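Architecture at a glance
Chain by chain, the residues:
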Amino acid sequence: MVSSDRIFRVVLLVLRVALGAVFVYAAWTKLRQPWQLFAMSIDAYRVLPYWAVVAVARTLPWAELAIGLALMAGRWLPVASTAASLLMMMFLAMMMRAYAAGMNINCGCFGLGDIISARTLARDGGLLVGYLFLTWTSLSARRKAA
Amino acid sequence: MKLFVLALTALLPCLAASADADPGKSLGSPSAPIQIEVFSDFECPACKGLHEQILPQVMKDYVIPGKVYLVSREYPLQMHAYSREAACYATAAARFGKYELVADTLFKTQVAWAASGKVWDTVASVLTPADAKKVQLLAKDPAIVSEVQHEVDLGKAAAINQTPTMIVTRGANRFPVAGAVNYNLLRSLLDGLLR
């Protein structure tokens, strides 16, 4: 009979790889297009000055790629999962602000054509829960090891 | 004969790139390296902003120098009561070379006619009586109505879900640019594609 501990570890593995793949996919949708298109999605939120929009557009996809690959490979888990959680919290906060203001804009999460809606908020909210769970398990594991 | 075939072969890619473009609603050279199709709704405030603030800069920096071929496409949204009517009048006016004049007026007085519903009065105010009569008649012609619907269908096929949306095409690559765009970013995109 398979122990509950083993089942938990398998579920955690699947979750970590899947959530890592989400970040890798998000990075890919942005990196395969001219960076200016992602910059336009960021600019549409009307939060950052122009220079910051350009800086974020040119660096964030690479950060997403690194975080996603780290999660999938199971490397530097406390840092990668915490970074993923913080990024998702920031994305969700921006999306909720735009939605509350009635802004009809692209989420910018996975390329173009993804207007902010209750569905996208629920989707990203669910992802945040997943990343927070990964963060908690990786930090707990580190405490136990220490 | 050989020369004719050669010329036609050279022209074919240009024709294919803008095969659907209404010449009365297009600006610049069809052989420009970049084509921008602007899917727009006359009753949409963000479209008004694009038309009045961004497109004049695109005209000056890219269309006139022959770098961009600008094609206007109607994409009236169902939530706007009078935008399809406005699109039909503008498309009819294009047949007489008056598209830009009518479009400029519709966007300039958008707030007024969107509230009153007096689209025709707005359009007629900038046309000569002779042109007004022709445009009013033609706007109801099935050819015009189906042209507007065809452009809506093109937009739906391109998965356009907001206005304005510009489809920037360079060779085989198509990039949708949605919403009220920052001109510095658009310029950076176009300059990058032209390199």
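Residues numbered from 1 in each chain as written. Chains lettered and ligands numbered in written order. Predicted model: local features only at pLDDT ≥ 70, side-chain atom pairs only at ≥ 80, totals over all residues. Heavy atoms only, no water.

Examining the nonpolar core
By size, the foremost hydrophobic cluster in this structure holds 57 residues, and its most contacted members are I36 and L186 of chain B. Here this core gets 8 residues from one element, more than from any other, and that element is helix α4 (residues 77–100) of chain A. Once you skip the residues sitting within four places of it in the chain, L186 of chain B turns out to touch M40 of chain A together with I54, V58, M166 and V181 of chain B. Grouped together as the second largest cluster of nonpolar side chains are 27 residues, Y99, V102, F107 and A132 of chain B included. (Core = buried A, V, L, I, M, F, W, Y, C linked by side-chain atoms within 4.5 Å. Buried < 20%, exposed > 50% of the residue type's maximum accessible area, 1.4 Å probe, protein only. Helix = DSSP H or I, 4+ residues; strand = E, 2+ residues; numbered from the N terminus. Contact = heavy atoms within 4.5 Å.)

Quick look at the pairing of strand β4 (residues 165–170) of chain B
Residues and elements named next belong to chain B. Most of β4 is tucked away: 5 of the 6 residues are buried. Here 6 bridges tie strand β2 (residues 34–40) to β4, and the two strands are oriented antiparallel to one another. Residue F39 lies in a different strand from β4, and its bridge partner there is T165. Relative to strand β5 (residues 173–178), β4 runs antiparallel, the two being bridged by 6 bridges. The partner of M166 across the bridge, within β5, is V177. Here β4 folds back onto β5 in antiparallel fashion, the turn holding 2 residues, of which G171 has a positive phi close to 65 degrees. (Pairing = 2+ DSSP bridges.)

What about the pattern of salt bridges?
Residues and elements named next belong to chain B. Within this structure, the stated rule accounts for 18 salt bridges over all chains. For K25, the salt bridge identified is with E147, shortest N-O distance 4.0 Å. With a gap of 122 residues between them, K25 in the loop between α1 (2–17) and β1 (26–27) and E147 in helix α8 (residues 142–157) connect regions that are remote in the sequence. According to the relative accessible area criterion, K25 is buried, its value standing at 1%. (Salt bridge = Lys/Arg side-chain N within 4 Å of Asp/Glu carboxyl O.)

Focus on the packing of aromatic side chains
Residues and elements named next belong to chain A. Taken as a whole and judged by the stated rule, the model has 8 aromatic pairs over all chains. Three or more aromatic residues joined by ring pairs make a cluster, and in this case those are F8, F133 and W136. Above the plane of the ring of F38 lies K30, whose end atom (NZ or CZ) is 5.1 Å from the centre. Geometry around W28 places R32 over its ring, the cationic atom sitting 4.5 Å from the centre. (Phe/Tyr/Trp six-rings, centres within 6.5 Å; stacked < 30°, edge-to-face > 60°. Lys NZ or Arg CZ within 6 Å of the ring centre and 35° of its normal.)

Thoughts on the interface of chain B and chain A
Each side of the interface is counted separately: chain B has 14 residues, and chain A has 18 residues. Summing both partners gives a buried area of about 1,300 Å² for chain B against chain A, and 63% of it is carried by carbon and sulfur. For the pair chain B and chain A, the interface holds 0 salt bridges. For the pair chain B and chain A, the interface holds 3 residue pairs in polar contact (both at pLDDT 80 or more). Elements that contribute at least two residues to the side of chain B that touches chain A include exactly β5 and α9 (183–194) of chain B. (Buried area = accessible area lost by both parts, 1.4 Å probe. Polar contact = N/O pair within 3.5 Å; in protein donor to acceptor, adjacent residues only side chain to side chain.)

Quick look at the sheet that holds β1 of chain B
Residues and elements named next belong to chain B. Spatially, the 5 strands line up as an open sheet ordered β1-β3-β2-β4-β5, and their pairing is mixed. Two strands in the sheet have a free side with no partner beyond their single neighbour: β1 and β5. Pairing between β1 and strand β3 (residues 68–74): 2 bridges, direction antiparallel. Across the sheet, L27 pairs through a bridge with L70, a residue of β3. Taken strand by strand, α8 contacts β2 and β3, and its axis lies near 110 degrees from that of β3. (Axes fitted to C-alpha atoms, helices over the stretch in contact; angles between N-to-C directions.)

Some words on a nonpolar patch on the surface
Residue and element names in this part refer to chain A. A cluster of nonpolar side chains, L13, V17, L69 and M72, forms an exposed patch at the surface whose accessible area comes to about 310 Å². For the nonpolar patch, the secondary structure elements donating two or more residues are α1 (4–31) and α3 (50–73). The class for V17 is partly exposed, based on a relative accessible area of 30%. (Patch = residues over 30% accessible without salt bridge, like charges linked within 9 Å, V, L, I, M, F, W, Y side chains within 5 Å. Areas by Shrake-Rupley, 256 points an atom, 1.4 Å probe, with all protein chains shown as cover.)

What about the confidence of the model for chain B?
Here chain B averages 91 in pLDDT, and 90% of its residues register 70 or above. Predicted complex, confidence summary: ipTM 0.87, pTM 0.87. (pLDDT = per-residue confidence, 0-100.)

Details of the packing of α4 of chain A against helix α5 (residues 118–145) of chain A
Residues and elements named next belong to chain A. Contact geometry of α4 with α5 gives a least axis separation of 8 Å together with a crossing angle of 155 degrees. Viewed along their axes, α4 and α5 adopt a mutual orientation that is roughly antiparallel. Crossing geometry of α4 relative to α5 is assigned as left-handed. (Parallel < 35°, antiparallel > 145°, perpendicular 65-115°, else oblique. Left-handed = near helix turned anticlockwise from the far one by under 90°.)

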